[in-house]
Amino acid sequence: MKKHLAFVSALLFVTCTSIFGQAPQSFKYQTKAKDASGNNIVNKSVSFRMSLVQGNIAGPVVYQETDTATTTPFGLATLDIGKGTVISGSMSAINWSNGPYFIRIEFDPNGGSNFTLMGTSQMLSVPYALYSQSSGAVYSKTPGKGMIISSPNGNCWQITVSNTGVITSTAISCP
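Residues numbered from 1 in each chain as written. Predicted model: local features only at pLDDT ≥ 70, side-chain atom pairs only at ≥ 80, totals over all residues. Heavy atoms only, no water.

Asker: Run through the packing of aromatic side chains, naming residues and quoting values.
Answerer: The final tally for this structure, using the stated rule, is two aromatic pairs. When the ring of Phe48 is compared with that of Phe107, the centres are 5.1 Å apart and the planes differ by 40 degrees; the resulting orientation is tilted. Residue Phe48 is found in strand β2 (residues 45-54), and its partner Phe107 is found in strand β6 (residues 101-108); the two are separated by 59 residues along the sequence. On the basis of an interplanar angle of 65 degrees and a centroid distance of 5.1 Å, the ring pair of Trp96 and Tyr101 is categorised as edge-to-face. Judged by relative accessible area, which is 42%, Trp96 ranks as partly exposed. Using a relative accessible area of 5% as the deciding quantity, one classes Tyr101 as buried. (Phe/Tyr/Trp six-rings, centres within 6.5 Å; stacked < 30°, edge-to-face > 60°. Helix = DSSP H or I, 4+ residues; strand = E, 2+ residues; numbered from the N terminus. Buried < 20%, exposed > 50% of the residue type's maximum accessible area, 1.4 Å probe, protein only.)

Asker: Would you mind going over the sheet that holds strand β10 (residues 167-172) in detail, with residue names and values included?
Answerer: On the basis of which strands lie adjacent, the open sheet formed by three strands has the order β8-β9-β10 and antiparallel pairing. A strand with exactly one partner marks an edge of an open sheet, and here the two such strands are β8 (147-150) and β10. Along the sheet, successive strands turn relative to each other by an average axial angle of 30 degrees, direction set aside. As paired elements, β8 and strand β9 (residues 156-161) share four bridges and run antiparallel to each other. Residue Ser150 lies in a different strand from β9, and its bridge partner there is Cys156. (Pairing = 2+ DSSP bridges. Axes fitted to C-alpha atoms, helices over the stretch in contact; angles between N-to-C directions.)

Asker: Can you tell me about the side chain of Gln64, naming the residues and giving the values?
Answerer: Along the chain, the position of Gln64 falls in strand β3 (residues 61-70). Ignoring any residue separated from it by four or fewer positions in sequence, one finds Gln64 in contact with Arg49, Met50, Ser51, Thr85, Val86, Ile87, Ser88 and Glu106. (Contact = heavy atoms within 4.5 Å.)

Asker: Got a sec to walk through the state of the cysteines? Specific residues and values, please.
Answerer: The full count for this structure, using the stated rule, is one disulfide. What pairs with Cys156 in a disulfide is Cys174, and their sulfur atoms sit 2.0 Å apart. Handedness of the Cys156-Cys174 disulfide follows from its S-S torsion of about 110 degrees: it is right-handed. Here the residue Cys156 occupies a position in strand β9, and Cys174 occupies one in the segment after β10, the gap between them amounting to 18 residues. Overall, Cys156 belongs to the buried group, its relative accessible area being 6%. (Disulfide = S-S within 2.5 Å.)

Asker: Run through the side chain of Ser26, naming residues and quoting values.
Answerer: Note that Ser26 resides in the loop between α1 (2-20) and β1 (27-32). The class for Ser26 is buried, based on a relative accessible area of 18%. When sequence neighbours within four positions are dropped, the list of residues in contact with Ser26 reads Ile81, Gly82, Lys83 and Met91.

Asker: I'd like a description of a nonpolar patch on the surface, backed by residues and values.
Answerer: Among the surface-exposed residues, Met147, Ile149 and Trp157 lie close enough to one another that they form a single nonpolar patch of about 240 Å² accessible area. With respect to the helices and strands, the residue Ile149 is situated in strand β8. You can call Ile149 partly exposed: its relative accessible area is 38%. (Patch = residues over 30% accessible without salt bridge, like charges linked within 9 Å, V, L, I, M, F, W, Y side chains within 5 Å. Areas by Shrake-Rupley, 256 points an atom, 1.4 Å probe, with all protein chains shown as cover. Salt bridge = Lys/Arg side-chain N within 4 Å of Asp/Glu carboxyl O.)

Asker: Break down the sheet that holds β2 for me, citing the residues and quoting the values.
Answerer: Spatial strand order, β5-β3-β2-β6-β7: five strands in an open sheet with antiparallel pairing. At either end of the open sheet lies a strand with only one pairing partner, and these are β5 (85-89) and β7 (116-122). Averaged over all pairs of adjacent strands, the angle between strand axes in this sheet comes to 15 degrees, irrespective of strand direction. One ladder, built from four bridges, connects β3 with β5; its direction is antiparallel. From the neighbouring strand, Gln64 faces β5, where its bridge partner is Ser88.

Dropping the structure here:
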């Protein structure tokens, strides 16, 4: 019985650590939902189609989803882009270093699929990302993954650290 309990505990620990070690493949989006007359749409289910577009406003769609939200008494709709119904692409497959990226938002005030374009705008950095660009230190919480750095001549190296502190560098093809 003790062995069984230890195994279940270890499995639960590994599962929880792997869940908490993952970056969420989504981000928040909030908007005011208004009708054609400019009045807030309150306490009602509305729907959206969101597209992530690469390169420029007219570039290729790399990810698209639909989602619904119930507006607040103030007409506010909050969505988690990346957690809706996927139409095409994959959030985890987006190479964010190949930007710029734009977000196109389409809206149906009746909660259906008769979408009207609300607008498209460039996605910009959040303050935390701007800080990480200049922090000078790199921290990885994913065991065994290490980090990839490039040398002055353009070659790439993957650096890993073992549980005993042994550092290994391996020449790799640059991503």
